[in-house]
Amino acid sequence: MRKIIFTLSLVVSMVSVLMAQEDNKAIGLRLGSGFGGGAEISYQQPLSKDNRMELDLGLNSWGFGLNGVYQWVWDLSDLADGFNWYAGVGAGVGSYNFNYGNNIHGPSDFSLGVLGQVGIEYRFEIPLTLSLDYRPGIYLVPSFNGSYDGICIGARYRF
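All values derive from a computational prediction rather than experimental measurement.

Calculation rules
- Residues numbered from 1 in each chain as written.
- Predicted model: local features only at pLDDT ≥ 70, side-chain atom pairs only at ≥ 80, totals over all residues.
- Heavy atoms only, no water.
- Helix = DSSP H or I, 4+ residues; strand = E, 2+ residues; numbered from the N terminus.
- Buried < 20%, exposed > 50% of the residue type's maximum accessible area, 1.4 Å probe, protein only.
- Contact = heavy atoms within 4.5 Å.
- Areas by Shrake-Rupley, 256 points an atom, 1.4 Å probe, with all protein chains shown as cover.
- Patch = residues over 30% accessible without salt bridge, like charges linked within 9 Å, V, L, I, M, F, W, Y side chains within 5 Å.
- Salt bridge = Lys/Arg side-chain N within 4 Å of Asp/Glu carboxyl O.
- Pairing = 2+ DSSP bridges.
- Lys, Arg positive; Asp, Glu negative; His and termini not counted.
- Charge placed at Lys NZ, Arg CZ, Asp CG, Glu CD.
- Polar contact = N/O pair within 3.5 Å; in protein donor to acceptor, adjacent residues only side chain to side chain.

**Q** Break down the overall build of the chain for me, with residues and values.
**A** Each helix and strand counted, the chain has one helix and ten strands in total. The N-to-C order of helical and strand elements in the chain reads α-β-β-β-β-β-β-β-β-β-β. Taking all 159 residues of the chain together, the buried fraction comes to 33%. Excluding contacts between residues fewer than 6 apart, the proportion of contacts in the chain whose partners are at least 24 apart in sequence is 47%. When the accessible surface of the chain is totalled, it reaches about 9,500 Å², and 68% of it is carbon and sulfur.

Printed below as a string of structure tokens:
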């Protein structure tokens, strides 16, 4: 019972922190390769001035991937106004069914992995941010062992 109460209070605390931040949220797309496939719906939630959480949902013909990355953000205004770079760590979950025609070359699998991310972004004066990032990851679930990496271009609307 204590574990349930602790978990519930932790979730409520995290939601409260997320809801307290009202500016610089962003939603958009990440295009490229990665855990979820060729395109991901991307949402960024600021946690403080220098930290944020990014959630990405990728859907493709094989299944889906959901990634969460905690990011540290650094100002690169010395390079030019509007530039930032960021790095982060996180986790990804997914479900995949590699069905090629009538032959199944692998069972439906649940995957769980850890990932890292490093990238650069440019924040326009209009509410648009463009980014370029690299995200390597390692699957931990034995039924779908392996690693992956991908370079993605992102476009997000800030609100």
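**Q** Requested: an account of a nonpolar patch on the surface, with residues and values cited.
**A** Where nonpolar side chains cluster on the molecular surface, the patch consists of Trp72, Trp74, Leu79, Trp85, Val89, Val118, Ile120, Leu132, Tyr134, Ile151 and Ile153 and spans about 1,000 Å² of accessible area. Contributing elements (two or more residues each) for the nonpolar patch: β4 (63-75), β5 (83-96), β8 (109-123), β9 (128-139) and β10 (146-158). Position of Leu79 among the secondary structure elements: in the loop between β4 and β5.

**Q** I'd like a rundown of the pairing of β4, residues and numbers included.
**A** Relative to β4, strand β3 (residues 51-60) runs antiparallel, the two sharing ten bridges. In the sheet register, Asp56 faces β4, and the bridge partner there is Asn67. Joining the antiparallel neighbours β3 and β4 is a turn of two residues. Of the pairings in the sheet, the one linking β4 to β5 comprises 13 bridges and is antiparallel in character. Each residue of the ladder has a partner; that of Tyr70, found in β5, is Val89.

**Q** Got a sec to walk through a negative patch on the surface? Specific residues and values, please.
**A** A surface patch of negative charge is lined by Asp75, Asp78, Asp81 and Glu125. Mapped onto the elements, Asp75 comes out in strand β4.

**Q** Let's hear about the side chain of Gln71: which residues, and what values?
**A** Take Gln71: it is sitting in strand β4. In this structure the side chain of Gln71 is engaged in a polar contact, spanning 2.8 Å, whose partner is the side chain of Glu54. Here the side chain of Gln71 touches Gln117 through a polar contact of 2.8 Å, side chain to side chain.

None of this, on its own, says anything about what the molecule does.
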